[in-house]
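Breakdown of the fold
Here is how the chains run, residue by residue.
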Amino acid sequence: MDTMILVVEDERNLRRVLAAILRAEGFSVLEAESAEEALELLQNNTPSLILSDQRLPGMPGIELLRRVKATYPAIPVIISTACGEIDQAVEVIKAGAEHYLTKPVDEGELLALIRQVLERGGRHLPPPRQIPRRHGLIGVSRAITQLLEIIDLVAPAPSNVLITGESGTGKELVARALHNASGRRDQPFVAFNCGAIPLDLVESEIFGYERGAFTGAIRSQAGKLETAAGGTLFLDEVGDMPLPMQVKLLRALQEREFSRLGTHQPIRLQARIVAATHIDLKQAIQDGRFREDLYYRLNVIPLHIPPLRERRADIAPLVEHFLEKICHEIGRSKVEIDRDALSCLERYSWPGNIRQLENLLERTVVLTRQNSIGRQDLPQELRDCTAGVEGSSVSPFDLPAIERQTVLSALEKTRFNQSQAALLLGISRKQLRTKMKNMGLLADQGPEDDGPDGE
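Before going into details, it helps to say that this report is about the structure given with it. (Residues numbered from 1 in each chain as written. Predicted model: local features only at pLDDT ≥ 70, side-chain atom pairs only at ≥ 80, totals over all residues. Heavy atoms only, no water.)

1. Observations regarding unusual backbone geometry
With phi around 60°, Arg 256 is a residue other than glycine that occupies positive phi space. One non-glycine residue with positive phi stands out, namely Asn 353, at about 60°. Inspection of the secondary structure assignment puts Asn 353 in helix H15 (residues 353–367). Residue classification places Asn 353 among the buried positions, given a relative accessible area of 0%. (Helix = DSSP H or I, 4+ residues; strand = E, 2+ residues; numbered from the N terminus. Buried < 20%, exposed > 50% of the residue type's maximum accessible area, 1.4 Å probe, protein only.)

Here is the structure:
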């Protein structure tokens, strides 16, 4: 039996995109451009779920919600609202909405939420679409989709790339994806961690040395730049590179040649440089810890990997991948995760990002004797499903959590710039700071003044 979803959206292109996404996932779809048209369709059709915009011509989405609940109380309704409409979001939950989404709607988040709502109601679900894996990256979120598109565009070029993102987000994986998707794939991929080598060894490691160049140099040794040849040199944690070494690397990039220690014989630089860092290099430049000219040499093409908490739709496919990988490595039969435990994982903030998720799953698989992971198998901070939670799945009756989620969403989208977040929410910065203080979010956000406020 088909699972039917009624999409109510007045913007024609957006309505068609949503319908196409749902049909590709195996759902049948009815489309309406107004609440009035939706009510007419309901006279002869019984959808399993209604997805409606709040802002509709004529009757608003919340009024459609009230009429549906009065006449068809068993049909769950999801309302989409603009990011700044906190009060309306609270109102639609009070009126009986199963959930709400803030625009722009993330495809992965939307599909995960629809499946969760239908599953909770015991309704028939089409089998989930096979998640494609491109360039070794797994995910369905808009952020990953855009990253994959950029990799396709950037990989063939010889330009230097600077990858930024928090620790554990997969920066080396993206660097390898760039290499493997390029014409350099048959050449070496050489990784070097700039912060893991003592200061006096960094130069010799990168440039190499001749026999007798220094005490202990009993034979000649090629450096990373030379070893990479026509492939890719990945400079991980480049922000930790000592300043004297930054000068020498800059010269090599400018002149496209270098020499081993102990000789002036030039060697042509053929490798593509892909650098990565978890620190703010612009701030490091202001602090005198990083050279501005080297920054611009490396940052020809910037790639930013968002933290896992900003792409929660990727958690489910990552969990599935890691469970399969871990079970294969330790020789165990397949271990699955139940919906309750997965919900906890999807709502956790993941300060250690993907690396933390993989480590937690490995520990859980090793310690559990069952073939299914439940909430009781998770650590206490995840088991509660509220510790560290700023996720999209909150109780329909937890109104403070709804407002907290919306504020956090705006803050995360603006990288915690309070002035920009206030503008996005449609409130003053003073009002935002009051909300943040009441929510316990203010103490961790640094200095009070992050930009002009106009107040």
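2. So, the nonpolar core
One broad trend across soluble globular proteins is that nonpolar side chains are buried collectively. Ranked by internal contacts, the top residues of the largest apolar core, which has 29 residues, are Ile 206, Leu 225, Leu 235, Val 238, Phe 290 and Leu 298. Secondary structure elements with two or more residues in this core: strand E9 (189–193), helix H8 (199–207), helix H9 (224–228), strand E12 (232–236), helix H10 (243–255), strand E15 (272–277), helix H11 (281–286) and helix H12 (292–298). When residues of this core are assigned to their parent elements, the largest contribution, 5 residues, is made by H10. With sequence-adjacent residues up to four places away left out, Leu 225 is seen in contact with Ile 206, Phe 207, Leu 233, Phe 258, Leu 269, Ala 271 and Ile 273. Within the second largest apolar cluster, 25 residues are counted, among which are Leu 308, Val 335, Leu 360 and Leu 378. (Core = buried A, V, L, I, M, F, W, Y, C linked by side-chain atoms within 4.5 Å. Contact = heavy atoms within 4.5 Å.)

3. So, the packing of helix H13 (residues 315–330) against H15
Interhelical geometry of H13 versus H15 gives an angle of 50° and a closest axis separation of 10 Å. Relative to H15, H13 is oriented oblique. Between H13 and H15 the crossing geometry is right-handed. For the pair formed by H13 and H15, the contact residues are Leu 318, Val 319, Phe 322, Leu 323, Lys 325, Ile 326, Cys 327 and Ile 330 on the first element and Ile 354, Leu 357, Glu 358, Leu 361, Glu 362, Val 365 and Val 366 on the second. Residue composition of the contact of H13 with H15, by class: 12 nonpolar, no polar and 3 charged. (Axes fitted to C-alpha atoms, helices over the stretch in contact; angles between N-to-C directions. Parallel < 35°, antiparallel > 145°, perpendicular 65-115°, else oblique. Left-handed = near helix turned anticlockwise from the far one by under 90°. Nonpolar A, V, L, I, M, F, W, Y, C, P; charged D, E, K, R; others polar.)

4. Focus: the side chain of Lys 171
Locating Lys 171 in the fold gives a position in helix H7 (residues 171–180). Buried and unpaired, Lys 171 has Glu 237 as its nearest opposite-charge partner, separated by 4.5 Å. Of the polar contacts made by the side chain of Lys 171, one reaches the backbone oxygen of Gly 165; its length is 3.1 Å. Once you skip the residues sitting within four places of it in the chain, Lys 171 turns out to touch Ile 163, Thr 164, Gly 165, Glu 166, Phe 234, Glu 237, Ala 276, Thr 277, His 278 and Ile 305. (Lys, Arg positive; Asp, Glu negative; His and termini not counted. Salt bridge = Lys/Arg side-chain N within 4 Å of Asp/Glu carboxyl O. Polar contact = N/O pair within 3.5 Å; in protein donor to acceptor, adjacent residues only side chain to side chain.)

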